[in-house]
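Coordinate inspection notes
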Amino acid sequence: MKPPASPPAGGEDARVVVDAGVVVLADGRVHCWIEHAALAGVTPAMLHWWYARRTGTPRTEVLRLDDGGFIHRRHRGGLPVAVTNHRFDALAGGTRWRHTLTVGLRGAWARPLNALLRRVAFGEAQGRDWVQRRAVAARRVERDLPARYRSEGGAAWTAARRDAAAPAWRAPTAAARA
């Protein structure tokens, strides 16, 4: 069951938000989510290209990166303290972009540490701020990413990926024709 949503972003940002919210989970982690309205003119391949260029930061472990989404985990002091999950679904004329952010350590044993994290690093107020920033970012992605993808060679990158994944065509051998 999905927890109740926090109020969606207001003003112009509300146009790009279908569902959003912040909740504290039973183990004390802060879980945030946002689902954007379809991003017109943006494809999953464009989002994949954008995130593929931005991976590889220290303390970040990429768990998935493809046209269906991007999942990464942040580490601090050797512990996985945050997981971000982006999902890209192609729609006619655009892409549905949904993502979550979960901050804290998983498990009942971590409740006291998660309570501390909520007080000093990332609590519900920071989660609401994250949702608001994601709504603003989605508007920017919809406005800027298609042109940037074309101008910086993203289409060639996507075509090269597609060609590399396609089975190689081979001419029939003389023995096969006989």
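For the structure given in this document, a descriptive report is provided here. Quick caveat: nothing in here was measured; it's all calculated off a predicted structure. (Residues numbered from 1 in each chain as written. Predicted model: local features only at pLDDT ≥ 70, side-chain atom pairs only at ≥ 80, totals over all residues. Heavy atoms only, no water.)

Quick word on the packing of aromatic side chains
Which entries qualify depends on this criterion: The pairing test for Phe, Tyr and Trp rings, Trp by its six-membered ring, is centres within 6.5 Å, and the orientation test on the planes gives stacked under 30 degrees, edge-to-face over 60, and tilted for anything in between. Partly exposed describes any residue whose relative accessible area lies between the buried limit of under 20% and the exposed limit of over 50%, with all areas from a 1.4 Å probe on protein chains only and scaled to the type maximum. Numbering of helices and strands runs from the N terminus; a helix is a DSSP stretch of H or I covering at least four residues, while a strand is a stretch of E covering at least two.
Tallied over the entire structure, the rule returns 4 aromatic pairs. Judged by centre distance (6.3 Å) and plane angle (50°), the rings of tryptophan 49 and tryptophan 50 are tilted. Tryptophan 50 matches tryptophan 49 in its accessibility class, with the two residues each being buried. Centre to centre, the rings of tryptophan 49 and tyrosine 149 are 5.3 Å apart; their planes meet at 85°, and the pair counts as edge-to-face. Here tryptophan 49 is found in helix α1 (residues 44-53), whereas its partner tyrosine 149 is found in helix α3 (residues 124-151), with 100 residues between them in sequence. The two residues tryptophan 49 and tyrosine 149 agree in class, both being buried. Three or more aromatic residues link up through ring pairs in this structure, and these residues are Trp49, Trp50 and Tyr149.

What about the nonpolar core?
Inclusion rule: Residues grouped as a nonpolar core are buried Ala, Val, Leu, Ile, Met, Phe, Trp, Tyr and Cys residues, joined through side-chain atoms within 4.5 Å. Should any heavy atoms of two residues lie within 4.5 Å, those residues are counted as being in contact.
By size, the foremost hydrophobic cluster in this structure holds 29 residues, and its most contacted members are Cys32 and Leu145. At the level of secondary structure, the elements contributing two or more residues to this core comprise β1 (17-24), β2 (30-36), α1, β6 (79-91), β7 (94-103) and α3. Considering every element that reaches this core, the biggest residue donor is α3, with 7 residues. Excluding anything up to four places from it in sequence, leucine 145 contacts Val42, Met46, Leu47, Trp49, Trp50 and Arg140.

Brief notes about α1
Of all 10 residues that make up α1, 8 are buried, and the element is covered over most of its length. Of the positions making up α1, those classed as buried are Pro44, Ala45, Met46, Leu47, His48, Trp49, Trp50 and Tyr51.

What to know about the pairing of strand β4 (residues 60-66)
Where we set the bar: Paired strands are those between which DSSP finds at least two bridges.
The pairing of β4 with strand β5 (residues 69-76) spans 6 bridges and is classified as antiparallel. Bridged to valine 62 within β5 is histidine 72. Between β4 and β5, which pair antiparallel in sequence order, lie 2 residues.

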